[in-house]
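# Topology and contacts: notes
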Amino acid sequence: MAERTIARPSKPNASTASACASKPSASDLLENKQTQLTSLLTCCHGEDGLLAHCSSFDLLSNVLWLAADLSREAGELYQEVAAAAGNEA
């Protein structure tokens, strides 16, 4: 099975130093949100997931709230990326 990779903030190097001076693009933010959501749901899913033996309704509710927020934010960023792609065409 392939090893999972989790996105981390990249460290600037000489070629990306000027790009790091500006804010991240909507596309980069969307990729980060999607990776965060995938990681969260991977940890929570299945018999061996972190929440498999969770008896706290509050904890489960907070995790689902987090997943919903990440999904909403990813949807908003997707709309930004789609609008920017439409403007470039």
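Now for a description of the structure that goes with this document. (Residues numbered from 1 in each chain as written. Predicted model: local features only at pLDDT ≥ 70, side-chain atom pairs only at ≥ 80, totals over all residues. Heavy atoms only, no water.)

## Regarding the overall build of the chain
For the record, the criterion: Only DSSP runs of H or I reaching four residues or more are called helices, and only runs of E reaching two or more are called strands; each is numbered from the N terminus. Only protein chains enter the area calculation, which uses a 1.4 Å probe; residues under 20% of their type maximum are buried, those over 50% are exposed, and those in between are partly exposed. Pairs of residues are marked as contacts when any of their non-hydrogen atoms sit within 4.5 Å. In short, Shrake-Rupley with a 1.4 Å probe defines the accessible areas, and a residue's cover is counted only from the protein chains shown.
Helix and strand content of the chain: three helices and zero strands. When the helices and strands of the chain are read in sequence order from the N terminus, they spell out α-α-α. Scored against the burial criterion, the 89 residues of the chain give a buried share of 15%. Nonlocal contacts in the chain, meaning residues at least 24 apart in sequence, comprise 65% of its contacts between residues at least 6 apart. Element-wise, carbon and sulfur atoms account for 57% of the exposed surface of the chain, whose accessible area totals about 7,300 Å².

## With respect to the environment of L77
The topology assignment puts L77 in helix 3 (residues 57-88). For L77, a relative accessible area of 10% corresponds to the buried category. Separated by 47 residues in the primary sequence, L77 and L30 place their C-alpha atoms 5.5 Å from one another. If we skip the residues at most four places from it in the chain, L77 touches A26, L29, L30 and K33.

## So, helix 2 (residues 26-44)
Each α-helix turn comprises 3.6 residues. Residues three or four places apart therefore point the same way. Spelled out, the test is: Each helix should span, by expectation, one fewer than its residue count multiplied by 1.5 Å.
In this model helix 2 runs 27 Å from its N-terminal to its C-terminal C-alpha over 19 residues, within 8% of the 27 Å that 1.5 Å per residue would give. Along helix 2, the positions that sit buried rather than exposed are A26, L30, T35, L37, L40 and C44. Summarising the contacts, the buried residues of helix 2 are in contact with helix 3.

## Considerations on helix 3
The end-to-end C-alpha separation of helix 3 is 46 Å, in line with the 46 Å expected for 32 residues at 1.5 Å each. Buried within helix 3 are the following residues: V63, A67, L70, A74 and L77. Taken together, the buried residues of helix 3 touch helix 2.

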